[in-house]
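Inside the fold
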Amino acid sequence: QVQLVESGGGLVQAGGSLRLSCAVSGRTFSRYAMGWFRQAPGKEREFVAAISRSGGNTYYADSVKGRLTISRDNAKNTVYLQMNSLKPEDTAVYYCAATYLVPTKKLGEYDYWGQGTQVTVSS
């Protein structure tokens with residue numbers, strides 16, 4: 001059983017920064033491409049960023065390019081989302097997810113999900 005546990009969410013003012021972490025159980029973390037998604041109240045869950053198994057390739061939603069950075073540490077079984085220049089519209093529950101496939105924006109192609117961490121950006 002693979003478990004993903006997010007942490008690092010919280011309340012921050014617009015323009016501030018947060019760093020989300022997602023710890024993945026098991027010894028096969030390097031076999032998964034990883035993604036971050038978010039879901040705001042009343043909206044569908046949407047893609048934020050994804051990273052390949054080695055960390056050599058990253059992908060972003062247009063709305064977060066230049067402000068959010070995904071990275072991973074395979075020795076620590078952890079994927080990160082560094083969030084800078086935060087805006088009120090970034091307010092959402094953030095989820096990490098793992099897939100055996102190549103990095104993808106498609107929710108349905110992820111095999112495992114975390115429980116989410118709340119990020120609230122005040123104006």
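Residues numbered from 1 in each chain as written. Predicted model: local features only at pLDDT ≥ 70, side-chain atom pairs only at ≥ 80, totals over all residues. Heavy atoms only, no water.

So, the side chain of Thr117
Looking at the secondary structure, you find Thr117 in strand E11 (residues 117-122). With relative accessibility at 11%, the residue Thr117 sits in the buried group. Polar contacts involving the side chain of Thr117 include one to the main-chain amide nitrogen of Gly9, which spans 3.3 Å. Excluding anything up to four places from it in sequence, Thr117 contacts Glu6, Ser7, Gly8, Gly9, Leu20, Ala92, Val93 and Tyr94. (Helix = DSSP H or I, 4+ residues; strand = E, 2+ residues; numbered from the N terminus. Buried < 20%, exposed > 50% of the residue type's maximum accessible area, 1.4 Å probe, protein only. Polar contact = N/O pair within 3.5 Å; in protein donor to acceptor, adjacent residues only side chain to side chain. Contact = heavy atoms within 4.5 Å.)

Digging into the state of the cysteines
Following the criterion strictly, the structure yields one disulfide and no others. Note that Cys22 is cross-linked by a disulfide to Cys96, the S-S spacing being 1.9 Å. Between Cys22 and Cys96, the disulfide has an S-S torsion of 50° and is therefore right-handed. Of the two residues, Cys22 is situated in strand E3 (residues 18-24) and Cys96 in strand E9 (residues 92-99); the sequence distance between them amounts to 74 residues. (Disulfide = S-S within 2.5 Å.)

Points about the pattern of salt bridges
Per the counting criterion, the structure on display carries four salt bridges. When the shortest N-O distance is used, the salt bridge between Arg38 and Glu46 registers 2.7 Å. Residue Arg38 is classed as buried on the basis of its relative accessible area, which comes to 7%. Lys65 is paired through a salt bridge with Asp62; the nearest N and O atoms lie 3.2 Å apart. Comparing Lys65 with Asp62 shows no difference in burial state: the two are exposed. Bridged by salt links that share partners, the residues Arg38, Glu46, Arg67 and Asp90 form one connected network. (Salt bridge = Lys/Arg side-chain N within 4 Å of Asp/Glu carboxyl O.)

Some remarks on unusual backbone geometry
Even without being a glycine, Asn77 presents a positive backbone phi close to 55°. Looking at where Asn77 falls in the secondary structure, it is placed in the loop between strand E7 (68-73) and strand E8 (78-83). The phi torsion at Ser85 lies on the positive side, around 50°, for a residue other than glycine. By secondary structure assignment, the location of Ser85 is in the loop between E8 and E9.

Digging into the packing of aromatic side chains
Applying the stated criterion to the full structure yields seven aromatic pairs. Both rings, one in Phe37 and one in Tyr110, keep their centres 5.1 Å apart while their planes meet at 80°; by these two values the pair is edge-to-face. Taken together, the positions of Phe37 in strand E4 (residues 33-39) and Tyr110 in the loop between E9 and strand E10 (112-113) put the pair 73 residues apart, joining distant regions of the chain. With respect to class, Phe37 is no different from Tyr110; both count as buried. The rings of Phe37, Phe47, Tyr110 and Trp113 are connected pair by pair, giving a single aromatic cluster. In this structure, Arg45 is placed above the aromatic ring of Trp113, and the distance from its NZ or CZ to the ring centre is 5.0 Å. (Phe/Tyr/Trp six-rings, centres within 6.5 Å; stacked < 30°, edge-to-face > 60°. Lys NZ or Arg CZ within 6 Å of the ring centre and 35° of its normal.)

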